[in-house]
Amino acid sequence: MTTTSPDFDAVVIGAGFSGLHMLKLLRDKLGLRVRAYEEGNTVGGTWYWNRYPGARCDSDSYIYCFTWDKQLLQEWEWSERYPEQPEILRYLEHVADRHDLKRDIQFNTRVTGAEFDEEDNLWRVHLSGGETVTARHLITAVGTLSATNLPPFKGVERFKGRWYHTSRFPQTGVDFTAKRVAVIGTGATAVQAIPEIAQQAKHVTVFQRTANYCVPARNGKVDPELVKARKADYDGIVKRIRESFFGQEHYFIPKSVLETTPEEREREFDRMWDAGGFAFWLANYQDMFFSQEANDLIADYLKRKIRNTVKDPVVAEKLIPKGHPYGTKRQPLDTNYYETFNKDNVLLVDAATDGGIEEITEKGIRAGGKDYEFDIIVFATGFDAMTGPLKALNLKGRGGRTLDEVWADGPHTYLGLSIAGFPNLFTITGPQSPSVLTNMPVAIEQHVEWISDCIDHLRNSGSTRIEATPDAQEQWVAHVNEIVSMTLMPKANSWYMSANIAGKPRAFLPYLGPEGVGGYRKKCDEIAAKGYEGFTLA
Ligand code: NA7
């Protein structure tokens, strides 16, 4: 086995939250030669591309940030409870400048493929400019919701108006004034965008395939006294979110909702509803995700809210979810979403009752046998979540095996961090890790720190190769699937279940461990402490 010196100790793909942090640790803590490649023309990742009207984070701003720059935690002032997209982008630009990260990032450059060289234990990485570089370690920081899902509707090319996907909105914005607009989709993105678009546009038609349970975000300025108290308690906050289930300060009510009186649970539901945000989803009664009976009680409350808000009872019934338990699809947070359907310029076309989309026509959309005319179509149709961005990299592991081959029936990873047959590859927030079920920066920091420590260990032990064993991997896959099978999550056709895209093999994509990201952190640390159990080092 030779150990030819590669161009870089590590190549990082992506310059969003995870890429920036990974670059920082490997370069400044370990002193490695690192290069990051980023498709956009600046940092930001998800927050660079997702510029649709109303785009903002659904986690509270005080925890949606890096925790490793303690001074910045004190200095940075978020303007609202939930950071909006331009503000997050400003924050990431600031971090990149403050830590002089851009000098090691090559922008406007896509990684088009990479293969592992078994003789030299390095990755050959191909770039969109035609160049190839080599690196000992390849680290994907490509995000989980970054591969656009544009469903193959018949006739898109015929449409004479303009169309956009929310995940690739033009940097210059879109003027909806006096326009007839279609929005396809009613996921978390559409729930943010529709009220904003409806304020500008002449008319908005929303095409709904599956109704969602929305709860109010209750965005606004944060009380300066609370901001001060949080800044004084950041050490405590960071410890708590790192040890928590969801990377947030939300904790389930340690009781079955079935043991409560109607008055007691109504009080609790009102409290969470009034607080806004993820409390209703992540700090509800503990049996919500396990018992259909418990879930029904909680869902009934939300159905009443929809009926009370939406004036037209026919529209209200269309907006009431059917067929999936509450919380099994990503919780959208709304600001005037249901109220928007009371406006005269907004129409809901529901696939179940009005008929689904048949095709895109020259003038608009045909659905349920009826023609609708538009100037603009907005596809808020989501992503090929978690596996999509990794498959798009065209990686070839040992023996030239591709992810399409080894993931033919869904992802197979060890800890969501590593893939058997793909040595020296690390996947930040990869499939089968807590990732999208957490406040992302918490999951990102945990992975980035673990990977950095692992690479340091390899260097110190003179190893040039690390690879997950097939046994450890299959045990992990079985564990991920066993846990989720105990919950109600498989009952939904969600993107968590890979069910949003026709033909994608049905598999639960993240990891819903018994103690969430906090327990997962402990597990990863134990594996490292046992000399990287489940990996082969050479
Ligand atoms: P989502 O949550 O996947 O929502 C996409 C929406 O588009 C959803 O309502 C889909 O219906 C709908 N969709 C997707 N494909 C089609 C087709 N072929 N026909 C009709 N409607 C379709 O993506 P978002 O961008 O809203 O949110 C993604 C995540 O970003 C979010 O969860 C946060 O974590 C941030 P479906 O429900 O699949 O029936």
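Worth saying up front: this structure is predicted, and the values here are computed from it rather than measured.

Rules used throughout
Residues numbered from 1 in each chain as written. Predicted model: local features only at pLDDT ≥ 70, side-chain atom pairs only at ≥ 80, totals over all residues. Heavy atoms only, no water. Helix = DSSP H or I, 4+ residues; strand = E, 2+ residues; numbered from the N terminus. Buried < 20%, exposed > 50% of the residue type's maximum accessible area, 1.4 Å probe, protein only. Areas by Shrake-Rupley, 256 points an atom, 1.4 Å probe, with all protein chains shown as cover. Lys, Arg positive; Asp, Glu negative; His and termini not counted. Charge placed at Lys NZ, Arg CZ, Asp CG, Glu CD. Domains from an automatic or database assignment. Buried area = accessible area lost by both parts, 1.4 Å probe. Salt bridge = Lys/Arg side-chain N within 4 Å of Asp/Glu carboxyl O. Polar contact = N/O pair within 3.5 Å; in protein donor to acceptor, adjacent residues only side chain to side chain. Nonpolar A, V, L, I, M, F, W, Y, C, P; charged D, E, K, R; others polar. Axes fitted to C-alpha atoms, helices over the stretch in contact; angles between N-to-C directions. Parallel < 35°, antiparallel > 145°, perpendicular 65-115°, else oblique. Left-handed = near helix turned anticlockwise from the far one by under 90°. Contact = heavy atoms within 4.5 Å. Pairing = 2+ DSSP bridges. Near = heavy atom within 4 Å. Core = buried A, V, L, I, M, F, W, Y, C linked by side-chain atoms within 4.5 Å. Expected span 1.5 Å × (residues − 1). Phe/Tyr/Trp six-rings, centres within 6.5 Å; stacked < 30°, edge-to-face > 60°. Lys NZ or Arg CZ within 6 Å of the ring centre and 35° of its normal.

A short note on the overall build of the protein chain
Of regular secondary structure, the protein chain possesses 18 helices and 20 strands. Relative to its 538 residues, the protein chain shows a buried fraction of 59%. Total accessible area computed for the protein chain in this model is approximately 21500 Å², and 49% of it derives from carbon and sulfur atoms. Taking the average location of the 63 positive side-chain charges in the protein chain and that of its 72 negative ones, the two points are 3 Å from each other.

Considerations on the domain arrangement of the protein chain
Segmentation of the protein chain into domains returns domain 1 (8–43 + 101–147 + 384–537) and domain 2 (183–379). Interface area, domain 1 with domain 2, both sides summed: about 1800 Å², of which 57% is carbon and sulfur. Interface area lost by domain 1 to domain 2 is led by L488, K491 and Y496, which between them contribute 27%. Taken together, the connections running from domain 1 to domain 2 amount to 2 salt bridges. One salt bridge connects R242 with E445, and the closest N-O pair in it is separated by 3.4 Å. At the surface where domain 1 touches domain 2, the tally comes to 11 residue pairs in polar contact (both at pLDDT 80 or more). Every element with two or more residues in the side of domain 1 that touches domain 2 is listed here: α16 (440–460) and α18 (516–529). The dominant element in the side of domain 1 that touches domain 2, judged by the number of residues it contributes, is α18, at 4 residues. In terms of residue class, the side of domain 1 that touches domain 2 is built from 11 nonpolar, 9 polar and 5 charged.

Here's the deal with the packing of helix α8 (residues 262–275) against helix α10 (residues 292–309)
Two elements in contact, α8 and α10, have axes separated by 11 Å at closest approach and are oriented at 60°. Relative to α10, α8 is oriented oblique. Relative to α10, α8 is oriented so that their crossing is right-handed. Packed against α8, whose contacting residues are R265, E266, F269, D270 and W273, the element α10 presents L297, I298, Y301, L302, R304 and K305 at the interface.

Thoughts on the pairing of strand β14 (residues 364–367)
With 3 bridges connecting them, strand β13 (residues 357–360) and β14 associate as antiparallel partners. Of the residues in β14, the one forming a bridge with I357 is A367. Taken together, β13 and the strand that follows it, β14, pair antiparallel across an intervening segment of 3 residues. The sheet contact formed by β14 and strand β15 (residues 370–373) spans 4 bridges and is antiparallel. Directly across from A367, in β15, lies its bridge partner K370. Connecting the antiparallel pair β14 and β15 is a turn made up of 2 residues, with G368 showing a positive phi of about 55°.

Topic: the sheet that holds β13
Across the sheet, 3 strands lie side by side as β13-β14-β15; this open sheet has antiparallel pairing. At either end of the open sheet lies a strand with only one pairing partner, and these are β13 and β15. When the angles between neighbouring strand axes are averaged without regard to direction, this sheet yields 25°.

A short note on the site of the ligand
Taken together, 18 residues sit near the ligand, with T186, T189, R209, T210 and K329 positioned nearest. Contact distances for the ligand include 2.4 Å between an oxygen atom and a side-chain N or O atom of T210. Surface burial for the ligand is 86%, taken as the share of its 770 Å² of free accessible area covered by protein chains. A per-class count over the shell around the ligand returns 7 nonpolar, 8 polar and 3 charged.

A few points about the nonpolar core
Counting 104 residues, the largest nonpolar core has Y91, I139, F280 and Y326 as the members making the most contacts within it. When residues in this core are grouped by element, the largest group, 10 residues, is from α16. Residues contacting I139, with those up to four places away along its chain left out, are A10, V11, V12, I13, M22, L26, F426, I428, I451 and I455. Within the second largest apolar cluster, 32 residues are counted, among which are A55, I197, Y337 and V346.

Side note on α18
Helix length check: α18, at 14 residues, gives a terminal C-alpha distance of 20 Å against a target of 20 Å (1.5 Å per residue), a fit within 8%. Turning to α18, its buried residues number three or more, namely G516, V517, G518, G519, Y520, R521, C524 and I527. After α18 finishes, the residue G531 shows a positive phi value of roughly 75°.

Topic: the packing of aromatic side chains
Scanning all chains against the criterion turns up 38 aromatic pairs. Relative to Y64, the ring of F17 lies with its centre 5.2 Å away and its plane at 70°, an arrangement referred to as edge-to-face. Separated by 47 residues along the polypeptide, F17 in helix α1 (residues 17–29) and Y64 in the loop between α2 (46–49) and α3 (70–75) bring together distant segments of the chain. Like Y64, F17 is buried. With a centroid separation of 6.1 Å and an interplanar angle of 75°, the aromatic rings of W273 and Y301 are classed as edge-to-face. Placement of the pair is W273 in helix α8 and Y301 in helix α10, with a sequence separation of 28 residues. Grouping aromatic residues by their ring pairs yields a cluster made of F17, W47, Y64, F66, W68, W76, W78 and Y91. Lying over the aromatic face of W49, R168 brings its terminal NZ or CZ to 4.1 Å of the ring centre. Over the ring of Y62 we find R230, and its NZ or CZ is 3.6 Å from the ring centre.

As for the sheet that holds strand β7 (residues 162–165)
Read from one edge to the other, the open sheet built from 5 strands follows the order β7-β16-β8-β9-β12, with strand pairing classed as parallel. The outermost strands of the open sheet, each flanked by one partner alone, are β7 and β12 (346–350). Taken over all neighbouring pairs, the strand axes of this sheet differ in orientation by 15° on average, direction set aside. In this structure, β7 lies alongside strand β16 (residues 376–379), joined through 4 bridges in parallel fashion. Across the sheet, residue H165 finds its bridge partner in β16, namely F379. Running at roughly 170° to strand β8 (residues 180–184), helix α5 (residues 188–200) makes contact with β8, β9 (203–208), β12 and β16 of the sheet.

So, unusual backbone geometry
Leaving glycine out, the prevailing phi sign among residues is negative, and the prevailing peptide bond configuration is trans. Here N108, not a glycine, exhibits a phi torsion of approximately 50°, which is positive. Its place among the elements puts N108 in the loop between β3 (105–106) and β4 (111–117). Since its relative accessible area comes to 54%, N108 is described here as exposed. Although it is not a glycine, Y532 sits at a positive phi angle of roughly 65°. Within the secondary structure layout, Y532 lies in the loop between α18 and β20 (535–537).

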